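Commentary on secondary and tertiary structure
Given next are the chains, with one letter for each unit.
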Amino acid sequence: MRKNIKNETLLLIAIELFSAICGIIGVILGILSLLSLDDFVWGKANERLSFIFTVLTVGFDFASTTTAIIAFKFGGLIIKRKESEGKEICLAEKFANKLDLYSFFFGLFGLLLSILSLLFLYEFMKSDVGSEIATVLSVICDSVSALIVLWVFKIMIKLNGK
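Here the structure is a predicted model, which means the values were calculated and not measured. Numbers given for residues are sequential positions, taken from 1 along each chain in its written order. Residue-level local features of this predicted model are given only where pLDDT is at least 70; pairs of side-chain atoms are given and counted only at 80 or more, and the full residue set underlies all totals for whole chains, interfaces and linings. Only heavy atoms go into the side-chain values, all of them from the structure, while hydrogens and water stay out.

Once that is clear, we can look at the overall build of the protein chain. Helix and strand assignments follow DSSP, with helices taken as H or I runs no shorter than four residues and strands as E runs no shorter than two, numbered in order from the N terminus. Helix and strand counts for the protein chain come out as 5 helices and 0 strands. Counting from the amino terminus, the protein chain carries its helices and strands in the arrangement α-α-α-α-α. A principal-axis box enclosing the C-alpha atoms of the protein chain has dimensions of 60 × 25 × 20 Å. Per-residue burial for the protein chain yields a buried fraction of 43% across its 162 residues. Residue contacts follow a heavy-atom distance rule, with two residues in contact if any of their heavy atoms lie within 4.5 Å. Long-range pairs, those at least 24 residues apart, make up 77% of the contacts in the protein chain with a sequence separation of at least 6. Every accessible area reported is derived by Shrake-Rupley at a probe size of 1.4 Å, with residue values counting cover from the shown protein chains alone. Here the protein chain has roughly 8,900 Å² of accessible surface; of this, 73% comes from carbon and sulfur atoms. Charged residues are defined here as Lys and Arg on the positive side and Asp and Glu on the negative side; His and the ends of the chain fall outside this count. Taken as the charge centre is NZ of Lys, CZ of Arg, CG of Asp or CD of Glu, depending on the residue. Charge separation in the protein chain, taken as the distance between the mean sites of 16 positive and 15 negative side-chain charges, equals 14 Å. Partly exposed describes any residue whose relative accessible area lies between the buried limit of under 20% and the exposed limit of over 50%, with all areas from a 1.4 Å probe on protein chains only and scaled to the type maximum.

Under the pairing criterion, centres of Phe, Tyr and Trp rings, with the six-membered ring standing for Trp, must be within 6.5 Å; the plane angle then separates stacked pairs below 30 degrees from edge-to-face pairs above 60, leaving the rest tilted. Counting across every chain of the model gives 4 aromatic pairs. Ring geometry for Phe95 versus Trp151: centroids 5.3 Å apart, planes at 75 degrees, classification edge-to-face. A residue pair is termed long-range when its members are at least 10 positions apart, and Phe95 in helix α4 (residues 91–119) and Trp151 in helix α5 (residues 128–160) qualify at 56 residues. Judged by its relative accessible area of 35%, Phe95 is partly exposed. Here the aromatic cluster, defined as three or more aromatic residues joined through ring pairs, consists of Phe51, Tyr122 and Phe124.

Before going further, it helps to spend a moment on the pattern of salt bridges. We define a salt bridge as a contact between a side-chain nitrogen of Lys or Arg and a carboxyl oxygen of Asp or Glu at a distance within 4 Å. This structure, assessed with the given rule, holds 4 salt bridges. A salt bridge links Lys82 to Glu93, with the shortest nitrogen-to-oxygen separation between them at 3.0 Å. Here the residue Lys82 occupies a position in helix α3 (residues 47–84), and Glu93 occupies one in helix α4, the gap between them amounting to 11 residues.

Taken together, the side chains of Ile31, Leu35, Phe40, Val41 and Trp42 define a hydrophobic patch exposed on the protein surface, amounting to about 510 Å² of accessible area. For the nonpolar patch, the secondary structure elements donating two or more residues are α1 (2–36) and α2 (39–42). Top element by residues in the nonpolar patch is α2. It accounts for 3 residues. Here Phe40 lies in helix α2. Each patch groups residues whose relative accessible area exceeds 30% and which form no salt bridge, using 9 Å between like charges and 5 Å between nonpolar side chains of Val, Leu, Ile, Met, Phe, Trp and Tyr.

A few words now on the side chain of Ser103. Residue position: Ser103 is located in helix α4. Here Ser103 is in contact with Ala68, Ser145, Ile148 and Val149, once residues within four sequence places are set aside.

As a further point, take the side chain of Glu93. For Glu93, a relative accessible area of 9% puts it in the buried group. Dropping the residues within four chain positions of it, Glu93 is found in contact with Ile78, Ile79, Lys82 and Leu159.

Here we come to the environment of Trp151. Taking relative accessible area as the criterion, Trp151 reaches 43% and is therefore assigned partly exposed. Remark: the alpha-carbon pair of Trp151 and Gly76, spanning 75 residues in sequence, is separated by 17 Å.

So yeah, pure geometry; function would need other evidence.
Below is the structure:
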């Protein structure tokens, strides 16, 4: 059974890494979307480019948020399995699982804000300022989510080495 839990932990680490990478890409795309609406950067605001970056941001935010909740659920299953086998679960492992949940919530807020930013680019809700504000808040939430996932990744790597 020990080898099975070790393999599951490695799978969990891979899920964490995927979530972090998607989150970081989402942050970068969100920043590019913001820059697309700035006259200073491109010479003039490019709403089409901003729309493309925002759509991509929504996609990567969705992937990051989905994998964060999968990591939380899967990590919880690993902890329950260890408990049922009578193995000791260290506080760091439980803490990392809670951090996955926090990452999910920050990622979810970032996803909702990036969707709102996208809606502000459509004619029926047209507002460049609204889109910029939603994007800035989305980038902040996504950054926090990605940092939390990287923290969990570090904890899991350390625990896996034991």
